[in-house]
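Chain by chain, the residues run as shown.
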Amino acid sequence: MCLLKSKHSWMAAPLLWLVGVATLMIVWACSTPEWIELHFDQKNCSPVEIATVALFFFQMGFLWFMPPFRPGLRRFFWSTTFSLISFFAICRELDWHKLLITASKLPGATRGTPFKMRFLTNSANPLSDRLIVLACFVLVIGICAGTLLYWLPRLVKGLFRLHPVCWSIAFIGGTVILVQLFDRAPAVLRKKLGIHLSDTTGSLFTALEEGQEMLLPLFAVLAIMQAHFIYNNNASDTAAIDCHREL
């Protein structure tokens, strides 16, 4: 807690990532590929996946319990917005969005997940299904992109000023990119280059993908705590980080 109120608070996110990844590497090195698959990737039923969802739900409640914004309507608006974004993450983790559409057996219809651009452009798919997918895209992309565009200038400026919240949020974005990299890499290597990963290497990718997903809500909780200390505490309590209040 002292670290979060010190002038070195910006280092909390990098330290969390380093500790998290080091822990994942140690667990992978001490485990068999079968153990990694059982505990990390069981179609939303593994211990790591369940813990990730639980942490996302905790993050949503924590956002309202320890508000990161100053009092007022702005606090309610942004708390609601970030709660929605957290809910989108939960829906993606549990595949709730796929329950909206039943796979069509019409000739030429898209197989696999409907939440891809090729589903919208395939006229063989039912129009009602394509409209549902389009509405989901507009809602999720609109809220996420709008939020990012609004906060991006402050985020970039805060990174150079070592603003703790900006660093934690930046690590959310960077970790999301890494998660997608470890998720897509095996298929890309297999289909594009004909490279098949060994069971050991595949289990490493699984551990780093699912394990880093679990770090995402932890980064969010960290950012919430840092913002709360900066914007909702007496100056005497957080003198070392009061310089960040103006951003």
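Asks: Looking at this structure, I do not really get the overall build of the protein chain. What am I missing?
Replies: Scanning the protein chain from terminus to terminus reveals eight helices and zero strands. Moving toward the C terminus, one meets the helices and strands of the protein chain in the order α-α-α-α-α-α-α-α. Overall size of the protein chain, expressed as C-alpha extent along the three principal axes, is 70 × 45 × 30 Å. Per-residue burial over the protein chain gives 38% buried out of 247 residues.

Asks: Even after reading the chapter, I still don't get the environment of Pro71, so can you show me in this structure?
Replies: For Pro71, the location among the structural elements is in the loop between helix H3 (47-65) and helix H4 (73-94). The sequence separation of Pro71 and Tyr231 amounts to 160 residues, and the corresponding C-alpha distance is 9.4 Å.

Asks: I keep staring at the confidence of the model for the protein chain and nothing clicks. Help me out?
Replies: Detailed reading of the predicted coordinates is not advisable wherever pLDDT falls low. On average, residues of the protein chain score 89 in pLDDT, and 94% of them reach the 70 mark or higher. Mean pLDDT values over the elements of the protein chain span from 82, in helix H5 (residues 117-121), up to 97, in helix H1 (residues 12-29).

Asks: Please explain unusual backbone geometry as it appears in this structure.
Replies: Where the residue is not glycine, phi is negative for most of them; where a peptide bond is considered, it is trans in most cases. Residues other than glycine seldom take positive phi values, yet Asp95 does so here, at roughly 60°. Mapped onto the elements, Asp95 comes out in the loop between H4 and H5. By relative accessible area, Asp95 is classed as partly exposed at 29%.

Asks: I tried to follow the pattern of salt bridges on my own but got confused; where do I start?
Replies: Pairing between side chains becomes possible if they bear opposite charge and their charged atoms approach one another. Applying the stated criterion across every chain yields a total of two salt bridges. Note that Glu213 is salt-bridged to Arg92, the shortest N-O span being 3.5 Å. Of this pair, Glu213 sits in helix H8 (residues 199-231) while Arg92 sits in helix H4, and the two are 121 residues apart along the sequence. On the basis of relative accessibility, which here comes to 6%, the residue Glu213 falls in the buried class. The exposure class of Arg92 is partly exposed, given its relative accessible area of 40%. In this structure, the salt-bridge partner of Arg184 is Asp183, at a minimum N-O distance of 3.8 Å. Looking at Arg184, the relative accessible area reads 47%, which means it is partly exposed.

Cut-off values and rules
- In this numbering scheme, every chain counts its residues from 1 along its sequence in written order.
- Only residues with pLDDT of 70 or above have their local features reported here, since the model is predicted, and side-chain atom pairs are shown and tallied only from 80 upward, although totals for entire chains, interfaces and linings are computed over all residues.
- To get the side-chain values, take all heavy atoms of the structure and skip hydrogens and water.
- Secondary structure follows DSSP: runs of H or I at least 4 residues long count as helices, runs of E at least 2 residues long count as strands, and numbering of each begins at the N terminus.
- Partly exposed describes any residue whose relative accessible area lies between the buried limit of under 20% and the exposed limit of over 50%, with all areas from a 1.4 Å probe on protein chains only and scaled to the type maximum.
- A score from 0 to 100, pLDDT tells how confident the predictor is in each residue.
- The term salt bridge refers to a side-chain nitrogen of Lys or Arg lying within 4 Å of a carboxyl oxygen of Asp or Glu.

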